Amino acid sequence: MQIIPDGIRSFLRNLCRGFIPLEKSRPRRLKPSASGGGRSLTGFTLIEVLVTAGVLALIATFLGLSLWGFRAGQRLTQQTTLVVMALRDAQQRSIVREDGMEWGVRFTNASSGQDLVTLFQQSPSSGGGISIADDVSSFPLAEGIEFSEPASGSSEVVFTVLSGSPQASLTVSLRKVGSSADEDKKTVKVQTNGVIGE
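Source: prediction; values computed, not measured.

Looking at the nonpolar core
Across soluble globular proteins, nonpolar side chains have a tendency to be buried as a group.
Point 1. Membership of the largest hydrophobic core comes to 23 residues, with the highest contact counts inside it found for Leu87, Val105, Phe107, Val117 and Leu174.
Point 2. Sort the elements by how many residues they give to this core and helix α3 (residues 46-95) lands first, with 6 residues.
Point 3. The residues contacting Leu87, other than those within four sequence positions of it, are Val105, Phe107, Val157, Phe159, Val188, Val190 and Ile196.

Observations concerning the sheet that holds strand β3 (residues 133-140)
Strand pairing in a sheet relies on backbone hydrogen bonds, with the paired strands running either antiparallel or parallel.
Point 1. Here we have 4 strands laid out as an open sheet, ordered β3-β2-β1-β5, and antiparallel in their pairing. Every other strand in the sheet has two partners, leaving β3 and β5 (153-159) as the edge strands with one partner each. Each neighbouring strand pair of the sheet contributes to a mean axis angle of 20°, computed without reference to strand direction.
Point 2. Pairing of strand β1 (residues 102-109) with β5 involves 7 bridges; the strand directions are antiparallel. Across the sheet, the residue bridging to Val105 is Val157, located in β5.
Point 3. Together, β1, β2 (116-122), β3 and β5 form the strand contacts of α3, whose direction differs from that of β1 by roughly 155°.

Here we look at α3
Point 1. For α3, built from 50 residues, the straight-helix expectation of 74 Å at 1.5 Å per residue is met to within 8% by its first-to-last C-alpha distance of 73 Å.
Point 2. Those residues of α3 not exposed but buried are Ala72, Leu76, Gln79, Thr80, Val83, Val84, Ala86, Leu87, Ala90, Gln91 and Ser94.

Comments concerning the pairing of strand β7 (residues 185-190)
Point 1. Pairing between strand β6 (residues 170-176) and β7: 6 bridges, direction antiparallel. Note on β7: the bridge partner recorded for Leu174 is Lys186.
Point 2. Judged from the 2 bridges that link them, β7 and strand β8 (residues 196-197) form a sheet pairing that is antiparallel. Across the sheet, residue Lys189 finds its bridge partner in β8, namely Gly197.

A closer look at the packing of aromatic side chains
Point 1. For the coordinates displayed, the defined rule picks out 1 aromatic pair.
Point 2. Considering the side-chain rings of Phe107 and Phe147, the 5.7 Å spacing of their centres and the 80° angle between planes classify their relative orientation as edge-to-face. One end of the pair, Phe107, is in strand β1; the other, Phe147, is in strand β4 (residues 145-149), and 40 residues separate them in sequence.
Point 3. Between the NZ or CZ atom of Arg93 and the centre of the ring of Trp103, over which it lies, the distance is 4.6 Å.
Point 4. For Arg106, the ring lying beneath its charged end belongs to Phe120, and the centroid distance is 4.7 Å.

Quick look at the sheet that holds β7
Point 1. Strands sit in the order β4-β6-β7-β8 across an open sheet of 4 strands; the sheet is antiparallel. A strand with exactly one partner marks an edge of an open sheet, and here the two such strands are β4 and β8.
Point 2. Taken together, the 4 bridges between β4 and β6 define a ladder with antiparallel strand orientation. Residue Phe147 lies in a different strand from β6, and its bridge partner there is Leu174.
Point 3. Sheet strands touched by α3: β4, β6, β7 and β8. Its angle to β7, the strand with the most contacts, is close to 10°.

Considerations on the pattern of salt bridges
Point 1. Scanning the model with the defined rule gives 6 salt bridges in all.
Point 2. Two residues, Arg106 and Asp135, come together in a salt bridge whose shortest N-O distance is 3.1 Å. With Arg106 in strand β1 and Asp135 in strand β3, the pair connects residues that are 29 residues apart, well separated along the chain.
Point 3. For Asp135, a relative accessible area of 52% gives the class exposed.
Point 4. Through salt bridges that share partners, Asp89, Arg93 and Glu98 make up one connected network.

What counts, and where the lines are drawn
Residues numbered from 1 in each chain as written. Predicted model: local features only at pLDDT ≥ 70, side-chain atom pairs only at ≥ 80, totals over all residues. Heavy atoms only, no water. Core = buried A, V, L, I, M, F, W, Y, C linked by side-chain atoms within 4.5 Å. Buried < 20%, exposed > 50% of the residue type's maximum accessible area, 1.4 Å probe, protein only. Helix = DSSP H or I, 4+ residues; strand = E, 2+ residues; numbered from the N terminus. Contact = heavy atoms within 4.5 Å. Pairing = 2+ DSSP bridges. Axes fitted to C-alpha atoms, helices over the stretch in contact; angles between N-to-C directions. Expected span 1.5 Å × (residues − 1). Phe/Tyr/Trp six-rings, centres within 6.5 Å; stacked < 30°, edge-to-face > 60°. Lys NZ or Arg CZ within 6 Å of the ring centre and 35° of its normal. Salt bridge = Lys/Arg side-chain N within 4 Å of Asp/Glu carboxyl O.

Geometric descriptors of this kind do not, in isolation, establish any biological role.
Right, dumping it as structure tokens:
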């Protein structure tokens, strides 16, 4: 009386030795039919390969577009942060009266080329007189980012010596080039009490 059938016994014996004969572990191929069809039932058809390639191409396209949109959004956030930092830098320089000057930031919406952010200094104005500004540094906005406000030309804010409050409030808006959607736009406000924020 056998408890374990012979087929299972030989399999277990080979398994314990760490060896399974290749001819027993490999699935058998179906032979071509004798009618001359000559077609093997293993492998992929041309249609299956083309459909798979098409699906992979669609996935790659969607991933590329979403990555491009994500990077443009990151660039917009980065440029908005740089604008806020330039405003706060000018405000701090005015508060400590660096070089005995008032400091300000000018935003230039260029009709051709890249828009500019310029840090400048000027002698403190008294009684509404005209002050001549000296540009200290400037940087262009990143490619793909533009000012939507100012819409054209330039606007600037000058911070008062010691108090750091602006002489007038200002709103600056940045957006992705050619976009009018609200999610593709960021706004920075300088309030008359000196608060700078998005």
